[in-house]
Amino acid sequence: MCVCERIRIRIIGLLFTLLVFIPSAKVRRQTRDIAKVVKLSVNKAQYYLFSEDDMVLCPSGLTTMQYMLTKASQYHPDWLAIRASYGMNGIVMHNKDLDEFSDYMVQNQKRRPPDHLVVEWYAGETPRSKAYKQKRANIGFRYNIFNHLGSVSTLRSTKSPGYLTCYEQLVEPTVFQVEAFSVQQCPGDDIWPCHHIDQKLHSHLKLHSLVESVGSGVEAPVIPKGKGRQRKKKGGRQYRARK
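Below is a summary of the structure that appears in this document. As the structure is a prediction and not an experimental result, all values here were calculated from the model. (Residues numbered from 1 in each chain as written. Predicted model: local features only at pLDDT ≥ 70, side-chain atom pairs only at ≥ 80, totals over all residues. Heavy atoms only, no water.)

Points about the nonpolar core
Counting residues in hydrophobic clusters, the biggest one holds 33 residues, and the most contacted among them are M68, I82 and F141. Looking at this core, the elements that each hand over two or more residues are α3 (61-75), β5 (138-141) and β7 (191-192). Considering every element that reaches this core, the biggest residue donor is α3, with six residues. (Core = buried A, V, L, I, M, F, W, Y, C linked by side-chain atoms within 4.5 Å. Buried < 20%, exposed > 50% of the residue type's maximum accessible area, 1.4 Å probe, protein only. Helix = DSSP H or I, 4+ residues; strand = E, 2+ residues; numbered from the N terminus.)

Topic: the state of the cysteines
The tally for this structure, following the rule as stated, stands at two disulfides. Covalently, C58 is tied to C166 through a disulfide, its sulfur atoms 2.2 Å apart. Across the S-S bond linking C58 and C166, the dihedral sits near -95°, which makes this disulfide left-handed. Of this pair, C58 sits in the loop between β2 (55-57) and α3 while C166 sits in the loop between β6 (146-148) and β7, and the two are 108 residues apart along the sequence. By relative accessible area, C58 is classed as buried at 4%. In this structure C166 comes out as buried when scored by relative accessible area, which is 18%. One disulfide bridge connects C186 with C194, the sulfur atoms lying 2.0 Å from each other. On the sign convention where negative is left-handed, the bridge of C186 and C194, at about -105° about the S-S bond, is left-handed. The class for C186 is buried, based on a relative accessible area of 1%. Counting only the cysteines that form disulfides, in the order they appear in the protein chain, gives the pairing 1-2, 3-4. (Disulfide = S-S within 2.5 Å.)

Below is the structure:
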């Protein structure tokens, strides 16, 4: 292949990337709106939960969220973010990180849509986000705790071939690999990363969550047994549910 042909292919590839991934004016406005709401939420609570208006919390969702936060904080006391759904939804952050995240969204709004920017921020995929993240963990919860209403995303006008429903597993490709729960690495757990976790602590947290649920009169989290349900396949490929 001659040099001219290689240059032509490279140019075509760059143009395709620009057309597909560069956010439109509407998406950039949504990014700024998210950043503004986040900024206004600083110092209002200990945690911040991203929740879109076309998503509803699953049954026993609050109990599950309490269990998730307790366990995540025991595993990784200074975690940066927790992923418990998909798209720009079901993400939990600490109050102390909201200012930095809001500024990051505004600064990078022209590069990627908000549901991609949030991942590269807490996964430390850029020099700025990596410097801020340091060694803090971004956590993937095993199960989706939000249910999507309808078939069209608020960020994109096209219909999705299928969204995850309550308590299905949050694994790749529904979410990016850097944030997805890994069944291979943590087969008997529901928090990722789970490396070097004391098994006595792991057992105690499971028992503690059940005792709390029963003692408070709240129904225990309806979580599938074993490894959980896998997403049905169509044409040999998993449905993608990113928004």
